[in-house]
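Inside the fold
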Amino acid sequence: MSRELYMMNNYGERDLVLTEGQGMFVFDESGRVYLDFTAGIAVVGLGHCHPAITVALVKQASTLVHTSNLFIHPLRDEVAGKLADLSKMDKVFFCNSGTEANEAAIKLARKYAYQRGESNRTKIVSLPGGFHGRSLGALSITPRPAYQEGYAPLLPRCQSAEGLEQTLELIDEDTAAVFVEVIQGEGGVRVVPNQLLQQIEARTRQVGSLLVVDEVQTGLGRTGAVFAFEEAGIRPDIVTLAKGLGNGLPIGAVLATEEIAQAFTPGSHGSTFGGNLVALACAKVVLNEVSKPEFLHHVREMGDYLAQKLRSIGLVSHGVGLMRGVALDNPQGFVARAKEVGVLLTTAGAGCVRFVPPLIVERMHVDMAIERLSTILPL
Ligand SMILES: *Cc1c(COP(=O)(O)O)cnc(C)c1O
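Residues numbered from 1 in each chain as written. Predicted model: local features only at pLDDT ≥ 70, side-chain atom pairs only at ≥ 80, totals over all residues. Heavy atoms only, no water.

Here we come to the sheet that holds strand β6 (residues 158-159). The strand order β4-β12-β11-β10-β7-β5-β6 describes an open sheet built from seven strands, whose pairing is mixed. For this open sheet the edge positions go to β4 (91-95) and β6, each flanked by a neighbour on one side alone. Two strands pair when backbone bridges link them, and strand β5 (residues 123-126) and β6 are joined in this way by two bridges, in the parallel orientation. Residue pairing in the sheet places I124 in a bridge with C158 of β6. Strands β4, β5, β7 (175-180), β10 (210-214), β11 (238-241) and β12 (252-256) of the sheet are contacted by helix α4 (residues 98-115), whose axis makes an angle of about 160° with β11. (Pairing = 2+ DSSP bridges. Helix = DSSP H or I, 4+ residues; strand = E, 2+ residues; numbered from the N terminus. Contact = heavy atoms within 4.5 Å. Axes fitted to C-alpha atoms, helices over the stretch in contact; angles between N-to-C directions.)

Structure representation (structure tokens):
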């Protein structure tokens, strides 16, 4: 039973009212506590109401919230510098979401080709099963009939193959950019083979196209590396980020090499809220934490532990680090039952339950979740 009378129905029926959060836990209006293995869809990496985030947020909120990009603020360039440093990219554009980051990346790739006089290089290739967002541009490179239905005509010349491997055949001299996720989050936590990613990179170099790695979900420690592309052995031209970047504050970013970034000239792209100071203050804390080797080590260790404990109750998981999926016939049913026993989960794709807890999860939380989940098995 939904109690929302004025909200559009695009999220469907939900019944849980959450009013507080603390670390790994969230509380509903009656005070019941849940272990949160959704983290606001892989967003709240440092956990709910992390003290350092709260301090940074309150401090910035009581100093200066918003000026837009009409003016300089040192925090913006500081966070951009840290992102550039961590990714070995050169330049950064701030926006407010993953969709906006990918939208900007599409435009940047197209503009870069245009500036080089390659007026035919307008094709964008993406992977089958990929997810890049909901704006018309980002949706055009999200080859999922259920998401695209009713929105035609979409952006022209966006292509994806039937199978992952066939992607290589689509990449040609007309291709402005190829968008990939190293692990397809919404696509069922599907790990794209490193070898294929490397072949795609080689193909883009061969034909002069750009490689865009969408790290909106995989980035910022989720897989046990700051960026998943590092482990995949590929070097992107453009990286997009959002989800975990602000630990819940809306912020996205596009990172690019110097040469490509110069295609954005004054006035060619923008965002009123992009680079919002409160969101940046939180991003600074996040980047500080997730770039620590011991933090990343913890993520890998907890990812292995979660996989091992899931296996102990007969659930075989796939994925990397703390981005894991379990293939099930009725994922919605499992998520509903899990909620009843106090574990919040979400689905990913048609046949998969997704485990994306806050990255600060400890063994005791995994143990608690597994113990509770074991009571609803077998389904
Ligand atoms: C969530 C997601 C997006 C869209 O991000 P929003 O912030 O919802 O706009 C894009 N790409 C990937 C890989 C995502 O997981």
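Enumeration according to the criterion identifies 15 salt bridges in this entry. Here K292 ties to E289 by a salt bridge, and the two come within 3.0 Å at their closest N and O atoms. Its salt-bridge partner being K309, residue D367 comes within 3.9 Å of it at the nearest N-O pair. With D367 in helix α14 (residues 363-374) and K309 in helix α12 (residues 293-312), this pair connects stretches of sequence that are 58 residues apart. (Salt bridge = Lys/Arg side-chain N within 4 Å of Asp/Glu carboxyl O.)

The next point concerns the confidence of the model for the protein chain. Overall, the predicted model of the protein chain reaches an average pLDDT of 97, with 99% of residues at or above 70. Highest mean pLDDT in the protein chain belongs to β10 (99); lowest belongs to helix α6 (residues 145-148) (96). (pLDDT = per-residue confidence, 0-100.)

This part takes up the site of the ligand. Inspection of the region around the ligand gives S97, G98, T99, N102, F131, H132, E181, D214, V216, Q217 and K243 as its neighbouring residues. Interatomic distance of 2.8 Å between a side-chain N/O atom of D214 and a nitrogen atom of the ligand. Relative to its free-state accessible area of 380 Å², the ligand is covered by the protein chains to the extent of 83%. Of all the elements, α4 adds the most residues to the shell around the ligand, at three residues. Of the residues that constitute the shell around the ligand, the class distribution is two nonpolar, six polar and three charged. (Near = heavy atom within 4 Å. Polar contact = N/O pair within 3.5 Å; in protein donor to acceptor, adjacent residues only side chain to side chain. Areas by Shrake-Rupley, 256 points an atom, 1.4 Å probe, with all protein chains shown as cover. Nonpolar A, V, L, I, M, F, W, Y, C, P; charged D, E, K, R; others polar.)

This paragraph deals with the packing of aromatic side chains. As enumerated under the stated definition, the model contains four aromatic pairs in all. Relative to F264, the ring of F93 has its centre 6.3 Å away and its plane inclined at 75°; by these criteria the two rings are edge-to-face. Here F264 lies in the loop between α10 (258-261) and α11 (277-290) and F93 lies in strand β4, a separation of 171 residues in the sequence. Aromatic pair F227 and F229: ring centres 5.4 Å apart, planes at 15°, arrangement stacked. Given a relative accessible area of 6%, F229 falls into the buried group. (Phe/Tyr/Trp six-rings, centres within 6.5 Å; stacked < 30°, edge-to-face > 60°. Buried < 20%, exposed > 50% of the residue type's maximum accessible area, 1.4 Å probe, protein only.)

In this structure, the amide linkage connecting A152 to the following residue, P153, adopts the cis form with an omega of -5°. Phi angles above zero are rare outside glycine, and C49 is one such case at about 50°. Positionally, C49 belongs in the loop between α1 (39-42) and α2 (51-61). The backbone of S68 shows a phi angle near 70°, a positive value even though the residue is not glycine.

Attention now goes to the environment of L155. Within the fold, L155 resides in the loop between α6 and β6. Taking relative accessible area as the criterion, L155 reaches 30% and is therefore assigned partly exposed. For the pair L155 and G137, spaced 18 residues apart in sequence, the C-alpha separation works out to 6.0 Å. Setting aside residues up to four positions removed in sequence, L155 forms contacts with I106, R110, G137 and S140.

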